[in-house]
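Topology and contacts: notes
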Amino acid sequence: MAETLTGRCLCGACTFTAQEGEMGAGICHCGMCRHWSGGMYISVDCGTSVTFAEGSPTGSYKGSSWGERIFCKECGSSLLWQTQDGANQHVSIQCFEDPGQFELGIELFIDRKPGNYALTGERKTMTEAEVFAMFAPEGGTE
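Below you will find a few notes about this structure. (Residues numbered from 1 in each chain as written. Predicted model: local features only at pLDDT ≥ 70, side-chain atom pairs only at ≥ 80, totals over all residues. Heavy atoms only, no water.)

1. As for the overall build of the chain
Each helix and strand counted, the chain has 2 helices and 11 strands in total. Mapped from its N terminus to its C terminus, the chain presents α and β elements in the order β-β-β-α-β-β-β-β-β-β-β-β-α. The C-alpha radius of gyration of the chain comes to 14 Å, within 12% of the 14 Å expected for a compact globule of 142 residues. Taken across its 142 residues, the chain has 41% of its residues classed as buried. (Helix = DSSP H or I, 4+ residues; strand = E, 2+ residues; numbered from the N terminus. Rg over C-alpha atoms; globule rule 2.2 N^0.38 Å. Buried < 20%, exposed > 50% of the residue type's maximum accessible area, 1.4 Å probe, protein only.)

Encoded structure:
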């Protein structure tokens, strides 16, 4: 069984447990993630394992017909992106006490990455079309 991870928002009002999923950690360069997180969105795949503590003041923003972004209603922290059915939960790596514990294995929307920064190291990359083919229903967008 995978190790249970604990995470929280900036103010501590939202706390949760989760387990790292098969995809590990990755980076998203899509326009929505960049606007939402203030930069590239670095997250950890947690499958369907995220469980918020009772009373956590979470909010949801449905930015497309298939994806939603969960945030803290108190401090506004970006907590996780997930498919609306909850089957694919990707938690902000910054919610965990030690974000350096996760190996970054993939960059999504590589064709949407701004040209003014680059990351070191080699990892798998996926284009916008490849990501939509993996997550979005037929004809879906961000």
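Read on, since the account is not over.
2. What about the pattern of salt bridges?
Overall, the coordinates contain 3 salt bridges when judged by the stated rule. The residue E68 makes a salt bridge to K62 at a minimum N-O spacing of 3.2 Å. We note a salt bridge from E107 to R123, for which the minimum N-O separation is 3.0 Å. Pair noted here: E107 is in strand β10 (residues 104–108) and R123 is in the loop between β10 and β11 (124–126), with a separation of 16 residues, a long-range link. The class of E107 is buried, set by a relative accessible area of 7%. (Salt bridge = Lys/Arg side-chain N within 4 Å of Asp/Glu carboxyl O.)

3. Comments concerning the sheet that holds strand β2 (residues 15–19)
Strand order in the open sheet formed by 3 strands is β1-β2-β5, and the pairing between neighbours is antiparallel. Only two strands of the sheet have a single partner each, and these edge strands are β1 (4–8) and β5 (51–52). The pairing of β2 with β5 spans 2 bridges and is classified as antiparallel. When the bridges of β5 are listed, T17 appears paired with T51. (Pairing = 2+ DSSP bridges.)

4. Considering the side chain of S64
Looking at the element boundaries, S64 is found in the loop between β6 (58–61) and β7 (67–72). Under the relative-accessibility criterion, S64 is labelled buried at 14%. Looking at S64, its side chain comes within polar contact range of the main-chain nitrogen of G67, at 2.8 Å. (Polar contact = N/O pair within 3.5 Å; in protein donor to acceptor, adjacent residues only side chain to side chain.)

5. Quick word on the environment of T120
Assignment of secondary structure puts T120 in the loop between β10 and β11. Along the primary structure T120 and G76 are separated by 44 residues, whereas in three dimensions their C-alpha atoms are 30 Å apart.

6. Digging into the sheet that holds β7
One open sheet accounts for 8 strands, arranged β6-β7-β8-β9-β4-β3-β10-β11; its pairing is mixed. At either margin of the open sheet sits one strand with a lone partner, and together these are β6 and β11. Mean inter-strand twist for the sheet, computed between neighbouring axes without regard to direction, equals 30 degrees. When strand β3 (residues 25–28) meets β10, the two strands line up parallel, connected through 4 bridges. Looking across to β10, one finds that A25 is bridged to L104. Seen against the sheet, helix α2 (residues 128–135) touches β8 (78–83), β9 (89–92), β10 and β11 and runs at an angle of roughly 85 degrees to β11. (Axes fitted to C-alpha atoms, helices over the stretch in contact; angles between N-to-C directions. Contact = heavy atoms within 4.5 Å.)

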